[in-house]
Amino acid sequence: MKFPEKYDHKVSERKWQKFWEDGGIHKFNPSKKEIFSIDTPPPTVSGKMHMGHAFSYSQQDFIARFHRMKGENVFYPFGTDDNGLPTERLIEKLKNVKCTKMSRPEFVALCEKTIEEIKPDFINDWKFIGMSCDFSTTYSTIDKHCVKTSQKSFLDLYKKNLVYQHEAPSMWCVHCQTAIAQAELEDKELDSTFNNVLFELEDDKKIEIGTTRPELLVACVCIYVHPDDKRYKKLVGKKAIVPLFKQKVQIYADESADPNKSTGILMICSYGDKYDVEAINKRKLEPRVAFTKDGRLNELAGKYQNLKIKEARKEILKDLEKEGLLVSKKPIKHIVNVHERCGTEIEFLSTKQWFIKILENKKKFIDAGNKIKWYPSFMKKRYEHWIHGLNWDWCISRQRHFGVPFPVWYCKNCKSVIVADEKELPIDPLNKKSNKKCSCGEKDFEGEKDVMDTWATSSVTPEIILNWVNDPGHNANFKKMHPTSLRPQAHDIIRTWAFYTIVKSIYHHNEIPWKNIVVSGHVLDAKGEAMHKSKGNAIEPAETLEKYGADALRFWAAGSKLGEDLRYLEKDLVTAQKTITKLFNASKFCAMHLESYKNEKSKLEVFDAWLLRKLNKIIQESTNSFENYEYSIPKASIENFFWNTFCDYHLEIVKFRLYNTTGHKKISAQYTLYHSLLNILKLFAPIMPHITEELYQLMFKEKEKFTSIHISSWPKIENISQDVEDIGDKGISIISEVRKFKAENKMSLKDPVKLILNKKDKKQIDLILEDLKAVCKAESIEFGKEFKISKVD
């Protein structure tokens, strides 16, 4: 191949991506024994890749490419998470519809059609950053294979009595109009007011209660005071009258009331938070549920009926003030739980939901976490803290249209649960009737309308990719390949994806899902703030790819330690691009001098052996670091070696021999150039796959015979003596001093000098004398008592 004038990433990157795909370079071969399997995170089909995707997926790809070059059979499938609430939101936005205004079959059909339209472009975003997944084995979390796997998971849990249905207060998003799990909560600081409100007692006395939620007055069912609070001991057993709404409520002594918080009196409502739920259950009180599923007040609220929650709050505060019942109203900022999908404050509504048992097995999940190797290790603490803080079982049912159906029917007579047989999967109980008979004798059943939470399916990605359900046409073997080698993911979904996958694997197989987990950080803007579209600081990866290319973006992504957040700074992309240009130009120089090279090897000159020994250290360090998923260490080491040791020193040292000598001295230089550059490309290859492929194809493929650099062998260490490194280091020290002298004296590097070197080093210097004289442009080199550089008169 002819060397082009310059490297154009816009042409080359797409060219090599097509080459890899057409040639099956990344294809998994099930017949090979040594497998490195990756439980790849399926990105949510949201229309476009964001910079956080480009950052974390590049990092996992460094690992995949390294293991492939090590000779392992890399199983690296690609999937998309395209069911559930995020997809519904996307379809509603793209098609300007509301799922609540459409029938389920109509909306599901629209979702499926739209996903098929947008998915190819979405997947291309991952190809364009150089991902080396086997794109011939893609899956969708709503395809038949995934639905079957997810439904099999449910049936297995049902048989093991690990899943149950229960009607009770649960967390509810009034915007999305669905139940949610604890893992879907986020803390958000919001502006509010802290309001002290007067309650009348039956003896006409008044008490003052503080609340941030006056709209829950209508739902108040009792009042708590602390048993040791002397101010209120006489109130215990009496009744208070709730302002505006006039219901009478009992006053109890309970230690959950904090004497030091506000007035020390606590109102219990149905339901403000989980503590209200616990209190009402403890006292066996009749709830007064005042909110509807879409976040409005119901008929209990009287004149406030049909107002949205925040509207009702405003109106109730106005009326309290009018009635002289609002003692104070102080503006505050406080942390509240919101739904991570939409940012809406969560409510507690009593609904019937499906739950997976979690709380009774916390220790089992912590023990499982200890069997997995966590990279970085401190991320295991986040996992454990999440488990310790769990207060609810995992709610897996959602009141949505587009999701995996529960394989469940209900008997119309006795309401018993009827589950499908595994051989019937995948199945939608709304479209297909059960052929079973209920124990009560009834044959008429009603299909479950709820669908599973998307995490209920994403939590079985190991089972999906390894074909747990034994579907034909899949090239993985679950029994042989479970657990997988690696799970790569971001730290914000430890509480969801990592935790839920471990739960399912322990429950289904009594085994961990993967041997190792690597956890990446997030992308920050130049100020160190998280990137979000809502903040206006997000940068589209497509813009970066167009301007700088995928290799530059990946080179930037390799700059952070595993698990750490990284700022997006354009100067880092410029630096990356300079490295790519330098690599191309240095290779072009080497190619010119390797045209006559016939893969010979002669006795190595000392500076050549010195370079290869230095390279040995980089190979060893890079190999160890990649093995431990610390890609930032080899990135920095290889970059420094290439720019400084290889280009700034060795190329300058061997130029004289390349241009002016023949025989073994030139062959030594050529051998060293060939093998050092080839190994530099291989070391860079996991991080910058396109430029390294281009240079490999131009310079090395003919001799090395591997179809692609990415399936060539990982660099090996040559046996080279420590002595040559010591001699070479001494020579480099002299070259550095000469360069410094010329710079200080405003001389050109080509200007001649005279050198006097320490005579005690003569024996070693004699071995590198010719190279030293040539690179320093030394007119003479003599030996004396001390080191000295001087100009030539």
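Only a predicted model underlies this, so the values are computations on that prediction, with no experimental measurement involved.

Definitions and limits used
- Residues numbered from 1 in each chain as written.
- Predicted model: local features only at pLDDT ≥ 70, side-chain atom pairs only at ≥ 80, totals over all residues.
- Heavy atoms only, no water.
- Helix = DSSP H or I, 4+ residues; strand = E, 2+ residues; numbered from the N terminus.
- Buried < 20%, exposed > 50% of the residue type's maximum accessible area, 1.4 Å probe, protein only.
- Contact = heavy atoms within 4.5 Å.
- 1 Å grid on protein atoms, 1.4 Å probe; cavity = no way out; pocket = protein on both sides within 12 Å on 5 of 7 lines; lining within 4 Å.
- Points joined across faces, edges and corners; volume = space filled by probe spheres on them.
- Nonpolar A, V, L, I, M, F, W, Y, C, P; charged D, E, K, R; others polar.
- Core = buried A, V, L, I, M, F, W, Y, C linked by side-chain atoms within 4.5 Å.
- Salt bridge = Lys/Arg side-chain N within 4 Å of Asp/Glu carboxyl O.

Caption draft 1: Structural context of unusual backbone geometry. Each neighbour pair has its own omega, and for Ser270 with Tyr271 the value is 0 degrees, a cis peptide bond. Locating Tyr271 in the fold gives a position in the loop between strand E12 (265-269) and helix H6 (274-283). A cis amide bond links Tyr375 with the next residue in sequence, Pro376, at an omega value of -10 degrees. Among the structural elements, Pro376 can be located in the loop between strand E15 (373-375) and helix H9 (379-388).

Caption draft 2: Main features of the environment of Leu162. Looking at where Leu162 falls in the secondary structure, it is placed in the loop between helix H5 (144-159) and strand E5 (163-173). Assessed through its relative accessible area of 11%, Leu162 is described here as buried. If sequence neighbours within four positions are ignored, Leu162 has contacts with Leu157, Phe355, Ile356, Lys357, Asn361 and Tyr507.

Caption draft 3: Fine view of empty space enclosed by the protein. A complete count under the given rule lists five cavities of 30 Å³ or more for this structure. The calculated volume of the largest cavity comes to roughly 90 Å³. The wall of the largest cavity is formed by 13 residues, among which Gly84, Leu85, Arg398, Asp453 and Thr454 lie closest to the centre. Within the lining of the largest cavity, the residues separate by chemical class into four nonpolar, four polar and five charged.

Caption draft 4: Expanded view of the nonpolar core. Formed by 118 residues in total, the largest nonpolar core has its most connected members in Trp556, Phe646 and Leu755. Among all residues touching Phe646, those that are not within four sequence positions of it are Cys590, Leu611, Phe641, Leu651, Leu673, Ser676, Leu677 and Ile680. Judged by nonpolar contacts, the second largest core, of 61 residues, contains Leu390, Tyr410, Ala456 and Ile512.

Caption draft 5: Region of interest: the pattern of salt bridges. A complete count under the given rule lists 53 salt bridges for this structure. Across the pair Arg296 and Asp294 runs a salt bridge, and its minimum N-O distance is 3.8 Å. One network of salt bridges, in which partners are shared, links Arg613, Lys614, Lys617, Glu725 and Asp729.

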